[in-house]
Amino acid sequence: MMHSITERKKKIIVNGLAVCFWLLLWQAASVCIGSDLLLVSPVKVLVTLAGLITTGDFWATVLFSTVRILSGFVLAVLVGVVLAVLAAGSGVVRALLRPLMVTVKSIPVASFIILALLWLRNTGNLAVFISFLMVLPIVYTNTLTGIRQADAQLLELARLYRVPWGRTMRYIRLPAVLPPFRAACAVGLGLCWKSGVAAEVIGITSGSIGEKLYDAKLLFSTAELLAWTVVIVLLSLCFEKLFLRALDWAGRRALRVTAPRPAEPGTAGPVRMEQVSKGFGGAPVLQDLSLEFPAGEMVCVMGPSGQGKTTLLRVVAGLLKPDRGTVSAGDTRFSAAFQEERLLEYADAVDNVRFVCSLPEQKIRDALYSLGLEKDACGRPVAELSGGQRRRVALARAMLADGAGAVLLDEPFKGLDEEAHRCAARFVQERRQGRTVLVVTHDAQDAQLLQAPVLSLEPVPHGH
Ligand SMILES: Nc1ncnc2c1ncn2[C@@H]1O[C@H](COP(=O)(O)OP(=O)(O)OP(=O)(O)O)[C@@H](O)[C@H]1O
């Protein structure tokens, strides 16, 4: 903390010195040139600015342009986000919008301003229209990219756990959208001021900052021209800082994981597989497999690497459709610890469990402690945890998920040391509460630890 404060102070001092350097250079250049028309000195610009800000007209002008330019920006953000959401859900909308956005992005702003002057009777709202058009394609493109970049494995997990749509949007899609959306807003906030003021200058919008720039040009008043330019730069920077801070604050709040609405306790029927075959690219992995996992039993699925254990779990969970045969599990709700942890990287261990579990925080903590996670590890973003700690968070989430009648665990003890391994196996036994549990493992010792029967996957006969 102390370190970051000193770093910040250092950065402010360095930036301040750099600004002073350029101001001094500007002052020296203006003295050398000796013409106020060609290059007025920064001191004169400051004096002119000080004179301007004491007038009511100055504030009315600033308000006039700010309201219009920012309205264009806000409108572009709203429309851009709505269109991106529609385009993410429909290929037709995406195809229809692509040429429109590419065209708007590549047409020079001056052409739009002239066209808008022909279309609009009154130039008062010209800046709204132009800043809207300049910002829209950036917000649209970045938001769409963010939505489509959402982690497919996390989305699959949410489908399996039956996480409601709103929570999936909030906790899986939003973190993917926020960084590109923020970048779009940062660029858009600079662009809307540049294009909006350009529109006001060309349209000579009465009462606007653009009109003041135009008048300064007519009167050859370089000091006034630069004073208004300083005002535009300051306004643009202030609004960018304010908006981004507000966005970061809202983003942090939105990503704080709240408990889901409690679900009914999970019920599980037997899971039956009849004559199930599944292959990839013509290579069979599961061949005419008929199995029954009785309700409430725990089974260890074993077999050499590449034999199809994960494929079996995915077929049981309904995440993979068999090529032939049927799988029936009634209305069984599944939870799973996949081979990959699939965690919400920005959230801590407790919030990762809370994502699918309505238990009170202390109960979640107790479960994590019983898995050997220390207090400190529970409160840090899981991105900072070790492989073994992350594995245990994924295991806790699978065992504590609301409403799950069957739990699928794919190598749940991978990467755990002897002690943690035993602890995790005990945790699975204690928390299974009569539910069906399928555990894929390479370690024969797991069947003993879990006191569960072993199902060995036989190799698919050669030639099939
Ligand atoms: N989505 C996929 N596309 C193509 N091939 C796949 C896919 N998923 C699995 N396979 C192939 O299916 C075979 C079985 O894979 P699977 O992951 O089910 O085996 P496994 O027994 O779980 O292996 P391990 O113990 O190493 O995890 C492998 O040859 C794998 O390459």
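To keep things clear, this report deals only with the structure shown in the data block.

Reading guide: rules and limits
- Sequence order sets the numbering: in each chain, residues are counted from 1 along the sequence as written.
- It should be noted that, the model being predicted, local features are given only for residues of pLDDT at least 70 and side-chain atom pairs only at 80 or more, the latter also being counted only at that level, while totals for whole chains, interfaces and linings use all residues.
- Excluded from the side-chain calculations are hydrogens and water; all other atoms, namely the structure's heavy atoms, are used.
- A fitted line through C-alpha atoms represents every axis, and for helices the fit uses only the stretch in contact; the resulting angles, taken between N-to-C directions, go from 0 to 180 degrees.
- The numbering of helices and of strands both runs from the N terminus, where a helix is a DSSP run of H or I of at least 4 residues and a strand a run of E of at least 2.
- Here roughly perpendicular refers to angles of 65 to 115 degrees, roughly parallel to angles under 35, roughly antiparallel to angles over 145, and oblique to all remaining angles.
- Definitions for this section: a left-handed crossing has its near helix turned counterclockwise from the far helix by less than a right angle. A right-handed crossing has that turn clockwise.
- Here, residues are in contact when the closest pair of their heavy atoms is within 4.5 Å.
- Residue polarity follows a fixed list, in which Ala, Val, Leu, Ile, Met, Phe, Trp, Tyr, Cys and Pro are nonpolar, Asp, Glu, Lys and Arg are charged, and the others, Gly among them, are polar.
- Paired strands, as defined in this entry, are two strands with at least two bridges between them according to DSSP.
- Near is defined per residue: the residue qualifies when any heavy atom it owns lies within 4 Å of the molecule or strand.
- Two N or O atoms count as a polar contact when they lie within 3.5 Å, although within protein this holds only if one can serve as hydrogen donor and the other as acceptor, and sequence-adjacent residues are included solely when both atoms are side-chain atoms.
- In these tables, accessible area is a Shrake-Rupley quantity obtained with a 1.4 Å probe, and a residue counts as shielded only by the protein chains included in the view.
- Geometry of aromatic contacts follows a simple scheme: Phe, Tyr and Trp rings, the Trp one being its six-membered ring, pair when their centres are within 6.5 Å, and the pair is stacked under 30 degrees between planes, edge-to-face over 60, tilted otherwise.
- Think of it in three bands: with a 1.4 Å probe and only protein chains considered, a residue is buried below 20% of the maximum accessible area for its type, exposed above 50%, and partly exposed in between.
- Any Lys NZ or Arg CZ that is within 6 Å of a ring centre and within 35 degrees of that ring's normal is treated as a charge sitting over the ring.
- By definition here, a salt bridge exists when the distance from a side-chain nitrogen of Lys or Arg to a carboxyl oxygen of Asp or Glu is within 4 Å.

Some remarks on the packing of helix H9 (residues 209-218) against helix H10 (residues 222-254)
In step 1: Where H9 contacts H10, the axes come no closer than 8 Å and their chain directions differ by 155°. When the interaxial angle is binned, H9 and H10 end up roughly antiparallel. As H9 runs across H10, the sense of the crossing is left-handed. Contacts from Ile 209, Lys 212, Leu 213 and Ala 216 in H9 reach Glu 224, Leu 225, Trp 228, Thr 229, Ile 232 and Leu 235 in H10.
In step 2: Among the residues making up the contact of H9 with H10, the classes are represented as seven nonpolar, one polar and two charged.

Details of the sheet that holds strand E5 (residues 334-337)
In step 1: Overall, parallel pairing links the five strands, which are arranged E5-E6-E7-E3-E8 in an open sheet. On the outer flanks of this sheet lie E5 and strand E8 (454-456), each paired with one strand and no other. Within this sheet the neighbouring strands show an average axis-to-axis angle of 20°, counted without direction.
In step 2: Pairing geometry for E5 and strand E6 (residues 406-410), over four bridges, is parallel. In the strand pairing of E6, Phe 334 is matched with Ala 406.
In step 3: Sitting on the sheet, helix H11 (residues 309-317) is in contact with strand E3 (298-302), E5, E6, strand E7 (436-440) and E8, with an inclination near 155° to E6.

Focus on the environment of Ile 33
In step 1: In this fold, Ile 33 is placed in helix H1 (residues 2-33).
In step 2: Once you skip the residues sitting within four places of it in the chain, Ile 33 turns out to touch Leu 38 and Leu 39.

Description of the site of the ligand
In step 1: The immediate surroundings of the ligand are formed by 13 residues, with Ser 305, Lys 309, Thr 310, Thr 311 and Gln 339 found nearest.
In step 2: Contacts to the ligand include Gly 306, whose backbone N or O atom sits 2.9 Å from an oxygen atom.
In step 3: Here His 442 contributes a side-chain N or O atom positioned 2.9 Å from an oxygen atom of the ligand.
In step 4: Here the ligand loses 56% of its free accessible area of 630 Å² to cover by the protein chains.
In step 5: It is H11 that contributes the most residues to the shell around the ligand, three residues altogether.
In step 6: Of the residues in the shell around the ligand, the class split is three nonpolar, eight polar and two charged.

Describing the packing of aromatic side chains
In step 1: Inspection of every chain in the model, using the stated rule, returns seven aromatic pairs.
In step 2: Both rings, one in Phe 73 and one in Phe 243, keep their centres 5.3 Å apart while their planes meet at 90°; by these two values the pair is edge-to-face. Note that Phe 73 is positioned in helix H3 (residues 56-89) and Phe 243 in helix H10, a separation of 170 residues in sequence.
In step 3: Classification of Phe 73 as buried rests on a relative accessible area of 2%.
In step 4: The ring of Phe 64 carries the charged tip of Arg 68 above its face, separated from the ring centre by 3.8 Å.
In step 5: Just above the ring of Phe 338 sits the side chain of Arg 342; from NZ or CZ to the centre is 3.7 Å.

As for the pattern of salt bridges
In step 1: Overall, the coordinates contain 17 salt bridges when judged by the stated rule.
In step 2: The residue Arg 391 makes a salt bridge to Glu 341 at a minimum N-O spacing of 3.0 Å. Taken together, the positions of Arg 391 in helix H15 (residues 387-400) and Glu 341 in the loop between E5 and helix H12 (349-354) put the pair 50 residues apart, joining distant regions of the chain.
In step 3: By relative accessible area, which is 16% here, Glu 341 ends up buried.
In step 4: Measuring nitrogen to oxygen at the nearest pair gives 4.0 Å for the salt bridge that ties Arg 380 to Glu 384.
In step 5: For Arg 380, a relative accessible area of 27% corresponds to the partly exposed category.
In step 6: Each of Glu 156, Arg 314, Glu 340 and Arg 342 takes part in salt bridges that share partners, so that together they form one network.

Comments concerning the packing of H3 against helix H4 (residues 91-106)
In step 1: Their axes nearest at 6 Å, the elements H3 and H4 cross at an angle of 130°. With respect to H4, the axis of H3 lies oblique. Of the two possible hands of crossing, H3 and H4 adopt the one that is left-handed. Of H4, the residues touching H3 (which contributes Leu 83, Leu 86, Ala 87, Ala 88 and Gly 89) are Gly 91, Val 93, Arg 94, Leu 97 and Met 101.
In step 2: Looking at the contact of H3 with H4, its residues break down into seven nonpolar, two polar and one charged.

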